[in-house]
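Coordinate inspection notes
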Amino acid sequence: MALTDFHVHLRPDSQPSPAEEYFTQENAERYLAVAEERGIDVLGVSEHIHRFRQSLDVWQHPWWKRNAVDDLDAYCEFVRTTPLKLGIEADFVPGREDRMANLLDAREWDYVVGSVHFLRDDAVDMDEWDVWTSGDPEKVWARYFETLGEAARSGMYEILAHPDLVKVWGAERPHPGGDLRRFYDRAMDGIGDSDVAIEVSTAGLRKPVGEIYPARAFLEMCLEAGRPVALSSDAHVPDQLAHRYEEAVDFLTSLGVTEIADFSERRRTMIPLSA
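In this report, we go over the structure that sits alongside the text.

Quick look at empty space enclosed by the protein now. By the definition in use, this model includes one cavity of 30 Å³ or more. Here the largest cavity defines a volume of roughly 50 Å³. Forming the boundary of the largest cavity are W132, W141, V166, K167, V168, W169, G170, R173, P174 and H175.

Attention shifts here to the side chain of S201. When you line up the elements, S201 lands in strand β8 (residues 197-201). Among the polar contacts made by the side chain of S201, one reaches the main-chain amide nitrogen of A203 at a distance of 3.1 Å. Non-local contacts of S201, meaning those with residues more than four positions away in its chain, are made with I212, Y213, S232, S233 and D234.

In this chain, Q15 is followed by P16 through a cis amide linkage whose omega measures 0°. Summarising the element assignment, P16 is placed in the loop between β1 (4-5) and α1 (19-22). Each neighbour pair has its own omega, and for Y213 with P214 the value is -10°, a cis peptide bond. For P214, the position within the fold is in the loop between β8 and α8 (216-224). Phi angles above zero are rare outside glycine, and A242 is one such case at about 55°. A242 sits in the buried class, given a relative accessible area of 11%.

Criteria and thresholds
- Residues numbered from 1 in each chain as written.
- Predicted model: local features only at pLDDT ≥ 70, side-chain atom pairs only at ≥ 80, totals over all residues.
- Heavy atoms only, no water.
- 1 Å grid on protein atoms, 1.4 Å probe; cavity = no way out; pocket = protein on both sides within 12 Å on 5 of 7 lines; lining within 4 Å.
- Points joined across faces, edges and corners; volume = space filled by probe spheres on them.
- Helix = DSSP H or I, 4+ residues; strand = E, 2+ residues; numbered from the N terminus.
- Polar contact = N/O pair within 3.5 Å; in protein donor to acceptor, adjacent residues only side chain to side chain.
- Contact = heavy atoms within 4.5 Å.
- Buried < 20%, exposed > 50% of the residue type's maximum accessible area, 1.4 Å probe, protein only.

Shown next, in the form of C-alpha cells:
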C-alpha cells in the first residue's frame, strides 16, 4: 500500500527563486526527508515549463517571457542525480500542440503533468491577466472545461492537474449557479477518449476555494469513464508535501478508489492506495 506525490515543485512561484538556489542536493534532501516523515512512498517533481527558456519555442505569452530564464536540460540532469522521479508541468496551449509535443518528446520524463491555467491570453488563477475582470462566469467555466477536454485528448500528458482549477478563487470571483455537471460534461468526451490519470490534489485546500480538486461530482464522472487517479499536493515548499492527505484518502475511499497511479518512463502502473 502506498501514497504518492507527483505534482511537486522544488521552489515557490514567486521571484526571485533561482535554479541555482533550489535545484540542489540539499533542497532535494529536504523534500525527501519530509516525504519519508509523512509516509510518501513515491515522490516526483514537476517544475513549471514556463520557467525554462525552451518553453518560448512553444508560446510567447508575457508571463512566460518574464519567467523563462532557466535551462530545461540542466533541470532534467539535476533531477536524475537524485532519487526523485522526473516530471514537468506543461500548460496546454491550444494551437501549439505540435510545438509542445516536440519539446516534451525530446526528453526522457517519468511523467508529464498537463494543466490549464490560461484561456487564450487570460489567466484563471492569477490577478495579473485575470480572466474574471470581464469574464462572464458561464462562458469562462464553459471554455475552461472545453479546453481541459482538449488537453486530455491531446495525448501529451500522463496526469491532468487540478482538473477544476477554475474554481480556485471560491467566492472571490463570479461563480455560475446550478448543477456544475453541465460544465464537467464539456470535458468528458476528451477525458473519456484519453488514457490520462486524473489528479486528486489537496492544493485547493490551501486556496480561497478551500476544497480538494476535483469536485466529487466531477471525479465521479471521471471514474465512471474509467480514468485512474493520481494523488498529489502541488507543493512548492517541503512543508506542503502530502498536505491534508488524510482528507484526500478519505475522499477517495468514499468513492471506492483502492488504487492510485505510479509512473516511470511515461508508463503507468497502479498501486494500492494506503490508508
